[in-house]
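# Breakdown of the fold
The primary structure of each chain is shown beneath.
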Amino acid sequence: MSGRTRGWLIGLAAIAAIQVLRMPVRNGREQGGFEAPPAVRSAILTACFQCHSEQPRWPWYTQLAPVSWFIHAQVGEARRRLNFSTWKDYLYDPGTAARKFGAINQMVRSGAMPPWYFRMLSARGRLTPAQRTAIETWAIEGRAQALKAEPN
Amino acid sequence: MPCRKKTIFTFLTAAVAGVMAFSQPVHAAGATVASVRFSADHFEPAKLTVPANQPFKVEVTNADKKAIEFESFDLHRERVVRPGETITVYMAPTVPGHYTFCDDFDHSVAEGAIEAR
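Each chain has its residues counted from 1, running along the sequence as written. Ligands are numbered from 1 and chains lettered from A, in the order in which they are written. Note on the predicted model: pLDDT of at least 70 is required for a residue's local features to be given, and 80 or more for side-chain atom pairs to be given and counted; whole-chain, interface and lining totals, by contrast, use all residues. The basis for every side-chain value is the complete set of non-hydrogen atoms in the structure, without hydrogens or water.

Below, the discussion takes up empty space enclosed by the protein. As defined here, a cavity is a set of points on a 1 Å grid over the protein atoms alone where a 1.4 Å probe fits but cannot get out. A pocket is an open set with protein on both sides within 12 Å along at least five of seven lines, and residues line them when an atom is within 4 Å of a point. Grid points are joined across faces, edges and corners, and a volume is the space filled by probe spheres set on the points. As enumerated under the stated definition, the model contains two cavities of 30 Å³ or more in all. Estimates place the volume of the second largest cavity at around 30 Å³. What lines the second largest cavity is simply Arg80, Arg81, Tyr90 and Lys100 of chain A together with Glu71, Ser72, Phe73, His76 and Arg77 of chain B. Elements are defined by DSSP. Helices are runs of H or I of four residues or more, strands are runs of E of two residues or more, and each kind is numbered from the N terminus. For the lining of the second largest cavity, the secondary-structure elements that each account for two or more residues are helix H3 (67-81) of chain A together with strand E5 (68-72) of chain B. Each residue is assigned to one class: nonpolar for Ala, Val, Leu, Ile, Met, Phe, Trp, Tyr, Cys and Pro, charged for Asp, Glu, Lys and Arg, and polar for all the others, Gly among them. Here the lining of the second largest cavity is built from residues that sort into two nonpolar, two polar and five charged.

Below is the structure:
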């Protein structure tokens, strides 16, 4: 057996071995309550729900280590920061809603969201300029409404 | 649809959706108020007890010289509190349990907790 073949076999064996630690991402409880104009809702469902909700679709490669480790960490953090499945909860506290709307506007406007690796991996992550504008407009208006409702 | 009309349409639907969204929450006037004060890099008291299954409010006072971000990932709340400011955070009825909060601007600050029972 050549050194190169042995290297490949060792690599494959290592990838097979780490599958015991693959950490597949699980979806939690869907609370619902996310409402937005149709164009905005459609864009957010397509481009943001993949990480920022409890109802993403998981392609096969996201179940395989080490990709699953990375996805697990990214989705966990994304859900902690903004989870559209608990959107109704944010709206209960206008100050929190204003923060979330503000962050959405900032992230979409700056191009930080959706992240580059998602845009590279999936067409779902590539928002058109019109979709970005629609989300920004919605977020600006939502923030203004939240601040009006905020008694503090 | 021409671009200008589309933009106006999007703006109007966003405005209507925004008004609808914020006409929903009704905050009970007699809700329990729990107060917490932040100073010298810690929350005081570190543990608040509130009744479960009832709406409540948390009054957060920042007596420190730096801004904090009162954040509860468990209860989905995120608020910036400037130095010297007191804010009210509205909480929906929650099931009995232990919910943590922190200063998300500074993770060296010890976490606080809300006990609903």
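Having seen the model, we can carry on.
Once that is clear, we can look at the confidence of the model for chain B. Residues and elements named next belong to chain B. Put simply, chain B has an average pLDDT of 84, and 75% of its residues get 70 or more. Predicted confidence for residues 15-21 stays below pLDDT 50, and this span has five contacts to residues more than four positions away or in other chains. Our summary of model confidence lists the complex with pTM equal to 0.80 and ipTM equal to 0.78. The quantity called pLDDT is the predictor's confidence in a given residue, expressed from 0 to 100. Throughout, a residue-residue contact means that at least one pair of heavy atoms, one from each residue, lies within 4.5 Å.

Let us now look at the pairing of strand E9 (residues 112-116) of chain B. All names here are of chain B. Residue burial is assigned from relative accessible area. The probe radius is 1.4 Å, only protein chains are included, and a residue is buried under 20% of its type maximum, exposed over 50%, and partly exposed in between. Burial of E9 is extensive: five of the five residues sit out of reach of the surface. Side chains of E9 alternate between two faces, with Gly112, Ile114 and Ala116 and Ala113 and Glu115 buried alike. At least two DSSP bridges between two strands are required for those strands to pair. One ladder, built from five bridges, connects strand E8 (residues 97-103) with E9; its direction is antiparallel. Within the sheet, the bridge partner assigned to Tyr99 lies in E9 and is Ile114.

What follows deals with the nonpolar core. Most often, soluble globular proteins keep nonpolar side chains buried together rather than apart. Residues and elements named next belong to chain A. Membership of the largest hydrophobic core comes to 24 residues, with the highest contact counts inside it found for Phe34, Ile44, Phe84, Trp87, Ile104, Ile135 and Trp138. At the level of secondary structure, the elements contributing two or more residues to this core comprise helix H2 (38-47), helix H4 (87-92), helix H5 (94-110) and helix H7 (129-149). The contacts of Ile104, once residues within four sequence positions are left out, are Leu82, Phe84, Trp87, Ile135, Trp138 and Ala139. By convention a nonpolar core is built from buried Ala, Val, Leu, Ile, Met, Phe, Trp, Tyr and Cys residues, the set being connected through side-chain atoms within 4.5 Å.

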